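# A structural walkthrough
The chain contents come next:
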Amino acid sequence: MNIWYRLQVSRNQHGLYAMAHQLLGNQLEAEDVVQDTFIKLWEQKESGKKVEKAWLYKVARNQCLDIIRRRKHALEYQMMQAVGADFHQEGADFSALNDELSSEIQEAIGQLEEPYQSLVVLREINGLNYQALANVLDLSLSQTKVYLHRARKQLKEILEQSYA
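These lines cover the structure that appears in this document, whether it is placed above or below.

## Considerations on the packing of helix 6 (residues 116-125) against helix 7 (residues 130-137)
- Taken N-terminus to C-terminus, the directions of helix 6 and helix 7 make an angle of 140°; their axes are 10 Å apart at the nearest point. With respect to helix 7, the element helix 6 is oriented oblique. Classified by chirality, the crossing of helix 7 by helix 6 is right-handed. Touching Ser118, Leu119, Leu122 and Arg123 of helix 6 are Tyr130, Leu133, Val136 and Leu137, all from helix 7.
- Partitioned by chemical class, the residues of the contact of helix 6 with helix 7 number six nonpolar, one polar and one charged.

## So, helix 8 (residues 141-162)
- Taking 1.5 Å of rise per residue, the 22 residues of helix 8 would be expected to cover 32 Å, and the 32 Å separating its terminal C-alpha atoms lies within 8% of that figure.
- Every buried residue belonging to helix 8 is among Thr144, Leu148, Ala151, Leu155 and Ile158, and all of these are buried. Around the axis of helix 8, the buried residues are gathered within 90° of arc, so they sit on the same side. Opposite the packed face of helix 8, turned more than 90 degrees from it, sit the exposed residues Ser142, His149, Lys156 and Gln161.
- Residues of helix 8 that are buried in the fold lie against helix 5 (104-110), helix 6 and helix 7.

## What about the packing of aromatic side chains?
- Across all of its chains, the model carries three aromatic pairs by this definition.
- Measuring from ring centre to ring centre gives 4.8 Å for Tyr5 and Trp42, while their planes differ by 85°; the resulting arrangement is edge-to-face. Of the two residues, Tyr5 is situated in helix 1 (residues 3-24) and Trp42 in helix 2 (residues 27-47); the sequence distance between them amounts to 37 residues.
- Looking at Trp42, the relative accessible area reads 30%, which means it is partly exposed.
- Relative to Tyr147, the ring of Tyr116 lies with its centre 5.9 Å away and its plane at 80°, an arrangement referred to as edge-to-face.

The rules behind each value
Residues numbered from 1 in each chain as written. Predicted model: local features only at pLDDT ≥ 70, side-chain atom pairs only at ≥ 80, totals over all residues. Heavy atoms only, no water. Axes fitted to C-alpha atoms, helices over the stretch in contact; angles between N-to-C directions. Helix = DSSP H or I, 4+ residues; strand = E, 2+ residues; numbered from the N terminus. Parallel < 35°, antiparallel > 145°, perpendicular 65-115°, else oblique. Left-handed = near helix turned anticlockwise from the far one by under 90°. Contact = heavy atoms within 4.5 Å. Nonpolar A, V, L, I, M, F, W, Y, C, P; charged D, E, K, R; others polar. Expected span 1.5 Å × (residues − 1). Buried < 20%, exposed > 50% of the residue type's maximum accessible area, 1.4 Å probe, protein only. Arc of directions from axis to C-beta. Phe/Tyr/Trp six-rings, centres within 6.5 Å; stacked < 30°, edge-to-face > 60°.

None of the figures reported here should be taken as evidence of function without further support.
Given below as structure tokens:
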């Protein structure tokens, strides 16, 4: 196997897993996301395209969001079947999808909307800088800073409510 590829895997596997696990709340799904991300990295390398760290996080985040969307649709379908009526829940409660998470902070992060949730996970847990965040989320640098400020404010409000 290529030394460059091994280096990328060893440098990024833990951070990618931490982000995926935080977003998904499921160990096996997070492992699958990381593995699929590195498969895509290998394919990019073979095509001769330049790959940056932010690209890896973007690919992994997009895969996580796809899984979350599938969960939401499956949950809505199950609820409609159970009720037997036209039941539709707008913006399903994200924390219900992450009921495996135990700590208050993880639960609070789970309640944030996108892109706020990804911003908090990528910045506070994985330590990406503002420019890398902007690249991963396809935002301008100023949008990234504003959104991160809003995300932190919402997270603080959620945590204050849980302790009130």
